[in-house]
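Coordinate inspection notes
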Amino acid sequence: MKTITVDTNIYSLRSIFSTAYIFLDDFYIFLDQPQENKVTIEIKSKDLNCDLDEAVGRFKNELINTSLRLKISEDNKKIRELIVSSALYGKVENLPKKQLELDDPEGICRPWEDVHCKNTNIHKAVNKNTFKSDGLNYVKMFKCEKKDGDKN
Amino acid sequence: MEIKINKNIYKEKGLKNTIKCYKHLVKIDLREEGDYFVVKMIDMGRGVEKVIKDEFCNYLLFETSKCL
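Quick notes on the rules
- Residues numbered from 1 in each chain as written.
- Chains lettered and ligands numbered in written order.
- Predicted model: local features only at pLDDT ≥ 70, side-chain atom pairs only at ≥ 80, totals over all residues.
- Heavy atoms only, no water.
- Helix = DSSP H or I, 4+ residues; strand = E, 2+ residues; numbered from the N terminus.
- Buried < 20%, exposed > 50% of the residue type's maximum accessible area, 1.4 Å probe, protein only.
- Pairing = 2+ DSSP bridges.
- Axes fitted to C-alpha atoms, helices over the stretch in contact; angles between N-to-C directions.
- Contact = heavy atoms within 4.5 Å.

**A look at unusual backbone geometry**
All names here are of chain A. Located in the positive-phi region is N37, a residue other than glycine, with phi close to 65°. Among the structural elements, N37 can be located in the loop between β2 (27–35) and β3 (38–45). When its relative accessible area of 32% is taken as the criterion, N37 is described as partly exposed.

See below:
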């Protein structure tokens, strides 16, 4: 069994836990805090033939890696949330309107009704699956022209 | 067999979840002593006595990670 002492002013408790979690498969790990700002990590191998010195070295390296990863994650938290929210809701706040308009030289982004339904008397039947979202109407539309003798 | 678990490191919720998972293997008595929870294991089955403490601590670490 080997014991490492870590200063919590340098490595956060969260990064110690994240690192310890990576090693749980091959080692038994126990944490304690004998004094303020110091955490002791007891590492015991599950495999008797394991080189513990090498494992302790790997643990220390992984601790640096995890701390850095958590710091980057914390720094990029706002931008990550903005990307996810804009992907989920299609909203990009504080952008000028011109930037939000699509570049559509071929005119393919026009709704189907604007292109093909010049006849205003067209019968629109909306079934139960109709749903609407912000700015866009997804309307299932079909003609229902019943003729005499038609059963459907 | 006793395990002293530091309250500043491990979460109570994690400890209770761990005890819930291990109660079918061993009888567990929990008490508090200052900054520590003291877990006393009684009547453990033969064969598990060597590893149960270490496995318990690993599981506790995993449960506490979930609470952070």
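**A short note on the sheet that holds strand β1 (residues 2–7) of chain A**
Residue and element names in this part refer to chain A. With respect to topology, 3 strands assemble into an open sheet ordered β1-β3-β2, the strand pairing being antiparallel. Looking at the sheet topology across the chains shown, the edges are occupied by β1 and β2. Sheet twist, expressed as the average angle between the axes of neighbouring strands with direction ignored, equals 25°. Pairing of β2 with β3 involves 7 bridges; the strand directions are antiparallel. From the neighbouring strand, L31 faces β3, where its bridge partner is I41. Contacts from helix α1 (residues 13–23) reach β1, β2 and β3 within the one sheet, and its direction differs from that of β2 by about 160°. Strands in contact with helix α2 (residues 52–75) are β1, β2 and β3; relative to β1, the strand with the most contacts, it is inclined by about 20°.

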